[in-house]
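# A structural walkthrough
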Amino acid sequence: MNMQMFFDKLTVLLKSALVTILAVSMPVLAGPTGSGYAIKPVPDTALSFHTPKIPARDWQPESITLEPPLSPNVETAPSGQSGPGPTQIGFKRLVPLLADRSNFSNRAVWHPTNDGGFVAAFMITSPSAKALRLGLRIGFLPDDVLLHFYDLDQLTVFNASGADITGILQRNRAAGEIGYDAETYWSPVIDGDTQIIEIQLAPGIFPEEVDIALPELSHLTQATVDSNLYESTAASPCHKDISCYSAWAPESNATARMIFTKSGASYLCSGTLLNYTNNTTYIPYFITANHCIPTQTVASSLQTYWFYRSSSCNGPLGSYQTRLGGAELLYAAENTDTSFMRLTDDPPPGTVWAGWSPTLPILKQKLTGIHHPQGDLQKISDGDVIGYGKCIWNGSSVDYCYDTSSTDSTGFYVNWTSGLVEPGSSGSGIYNDNHQFLGTLAVGNIGAGCGVTNFGGYGRFDIPYALALHRWLDNPGSPLLNAAVLPYARSVQVKDTASAFGTVINNGTATATGCSISLPGGIPATFTYQITNASKV
């Protein structure tokens, strides 16, 4: 079915003097009812980034120790944040001695290897750090180069090939992102104040072919394994341990603790692995908050931690696994605070693809959230829907939120009857009694603590699902479409109106039952539309 759309009185609300109206996306939906959870029944295939201990060397890495930081403390949330927010756990530090290719090359000492290659290593120390990430600026790195990252005792050893790293940076460029951050590869998180990076060249590759620098690092103030994480000094003591609630074990296994880095500062959030409706395709689609992962460059820095919870009810940290490689950002929207992506590295065996429902919860409906407050071991919270609203965002901070009707809302509020949410809980999922995902945590009364009324504000899942996510989450053969608005681009002054025609083409096999329309790129505009001509093809 083709539908001719007429857009009338398109009023632009942006504050700038001039804006451009781009092609409008018009998804046609067949009204799926949602998905249940699934457990991936295949062996582990995601070990490409982990390696055993490095063979003993008869030489020592070149050592670089930074001066102690002047201010070792970082804020727990960006200034002005009025929601749970990403928890900042690391800050940028410069490494002047390795700031560019010339400095790096001059200080690197290349040692021959038994197979005819070369190897060089640096040991970087930032005093008082609980953990480190190294920021590598890559000019050129042959595919067969192998980088190892490890601590002094080699308790944790990761590797990445030149092809791995080049692929991550190419993903940033393909998304149209340029500049310093987009050209930086962030190493895995290594606990302790020292990280060793070893560059191993395969036979036939010579040191002068490598264009690499290490101009910065992220100095983390929270380690992966920290005794504070199971004490009240991490999250508030009134949280509930997920390990005490076995009925929610599948959703626990779908929830990841996230670390990501923006401009050298590192943060924590929570996210959820979502199922595909046919229950046979295990694509690692992952959803979190847009104020956590707003761009492809930030998505490329993502490191996830799975099963990061207590070993038993109210016990210490159990066995967990981490995955690297970042993610491909597929969809991002400020209005519902949604970021949807495909993880590069498959999650470990035992993870669960969470079920979901593209529906809006009703008032007083009981819901359950699963999250990592303050980066703590996984917690669970229960509450009731108390209202609906909209929030106006300014990057990773929310300017303000206001109450509205359910039909006009982009989110809903949950009053906690047990447990609560905190910074680091951002992006986590909330579920109905059928254990179906309904939204991502966006805002809340941050810092309220225990013994007071606490609430969380969640971005609606049904809105991004209708606009875009169904393209990835639905069964093959579900309605897909191409949409165009003519003229393709048109500039208008603020508060001026513009009209445009567009044709929606349903390429699916099912009959289209309706459509929804949105402006790309989070453009805050209001518009009305009507079907002026409809025909079957």
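Provided above is the structure to which this section pertains.
This report concerns the structure included in the present document. (Residues numbered from 1 in each chain as written. Predicted model: local features only at pLDDT ≥ 70, side-chain atom pairs only at ≥ 80, totals over all residues. Heavy atoms only, no water.)

### Things to note about the state of the cysteines
Evaluated as defined, the whole model comprises three disulfides. One disulfide bridge connects cysteine 244 with cysteine 313, the sulfur atoms lying 1.9 Å from each other. Because the sign of the S-S torsion sets the handedness, a value of about 95° for the bond joining cysteine 244 and cysteine 313 places this disulfide among the right-handed ones. Taken together, the residues cysteine 244 in the loop between strand S15 (240-241) and helix H3 (249-252) and cysteine 313 in the loop between strand S19 (303-306) and strand S20 (321-323) connect sequence positions 69 residues apart. For cysteine 244, a relative accessible area of 29% corresponds to the partly exposed category. Using a relative accessible area of 43% as the deciding quantity, one classes cysteine 313 as partly exposed. Each disulfide pairs two cysteine sulfurs, and for cysteine 269 the partner residue is cysteine 292, the sulfurs being separated by 2.0 Å. (Disulfide = S-S within 2.5 Å. Helix = DSSP H or I, 4+ residues; strand = E, 2+ residues; numbered from the N terminus. Buried < 20%, exposed > 50% of the residue type's maximum accessible area, 1.4 Å probe, protein only.)

### So, unusual backbone geometry
Its identity as a non-glycine residue notwithstanding, lysine 364 has a phi of 75°, on the positive side. Here lysine 364 lies in the loop between strand S24 (355-356) and strand S25 (366-371). Its relative accessible area of 72% is what places lysine 364 among the exposed residues. The backbone of glutamine 374 sits at a positive phi, close to 55°, despite the residue not being glycine.

### Some details on helix H5 (residues 462-473)
The end-to-end C-alpha distance of H5 is 12 Å, clearly below the 16 Å that twelve residues give at a rise of 1.5 Å each. The buried count for H5 comes to ten of twelve residues, which makes it a mostly enclosed element. Residues of H5 that are buried include every one of Asp462, Ile463, Pro464, Tyr465, Ala466, Leu467, Ala468, Leu469, His470 and Leu473, and no others. Of the surrounding elements, those touching the buried residues of H5 are strand S17 (265-274), strand S18 (285-288), strand S21 (327-333), strand S22 (338-343), S24 and strand S31 (455-460). (Expected span 1.5 Å × (residues − 1). Contact = heavy atoms within 4.5 Å.)

### Examining the packing of aromatic side chains
One pass over the full model with this rule turns up 22 aromatic pairs. Ring geometry for tyrosine 305 versus tyrosine 320: centroids 6.1 Å apart, planes at 50°, classification tilted. Taken as a pair, tyrosine 305 in strand S19 and tyrosine 320 in the loop between S19 and S20 lie far apart in primary sequence, 15 residues in all. For tyrosine 305, a relative accessible area of 2% corresponds to the buried category. For tyrosine 320, a relative accessible area of 24% puts it in the partly exposed group. Seen from their ring centres, phenylalanine 412 and tyrosine 458 are 5.9 Å apart, and the 15° between their planes marks the pair as stacked. Here the residue phenylalanine 412 occupies a position in strand S28 (residues 411-418), and tyrosine 458 occupies one in strand S31, the gap between them amounting to 46 residues. The buried category is assigned to phenylalanine 412, whose relative accessible area is 1%. Look at tyrosine 458 and you get buried, because its relative accessible area is 2%. Of the aromatic side chains, those joined through ring pairs into one cluster are Trp248, Trp356, Tyr431, Phe437, Phe461 and Tyr465. When the ring centre of tyrosine 308 is taken as origin, the NZ or CZ atom of arginine 257, which lies over that ring, is 4.4 Å away. Here the guanidinium or amino end of lysine 262 rests over the ring plane of tyrosine 267, the centre of that ring lying 5.5 Å away. (Phe/Tyr/Trp six-rings, centres within 6.5 Å; stacked < 30°, edge-to-face > 60°. Lys NZ or Arg CZ within 6 Å of the ring centre and 35° of its normal.)

### Quick notes on empty space enclosed by the protein
One simple way to see leftover space: roll a probe sized like a water molecule over the atoms. Throughout the structure, instances matching the rule amount to nine cavities of 30 Å³ or more. Estimated volume of the largest cavity: approximately 100 Å³. If you go around the largest cavity, you meet 17 residues; those closest to its centre are Cys391, Gly411, Ala442, Tyr458 and Gly459. Broken down by secondary-structure element, the contributors of at least two residues to the lining of the largest cavity are strand S26 (379-394), S28, strand S30 (436-444) and S31. Considering each element in turn, the lining of the largest cavity owes the most residues, five residues, to S26. Of the residues in the lining of the largest cavity, the class split is eight nonpolar, seven polar and two charged. (1 Å grid on protein atoms, 1.4 Å probe; cavity = no way out; pocket = protein on both sides within 12 Å on 5 of 7 lines; lining within 4 Å. Points joined across faces, edges and corners; volume = space filled by probe spheres on them. Nonpolar A, V, L, I, M, F, W, Y, C, P; charged D, E, K, R; others polar.)

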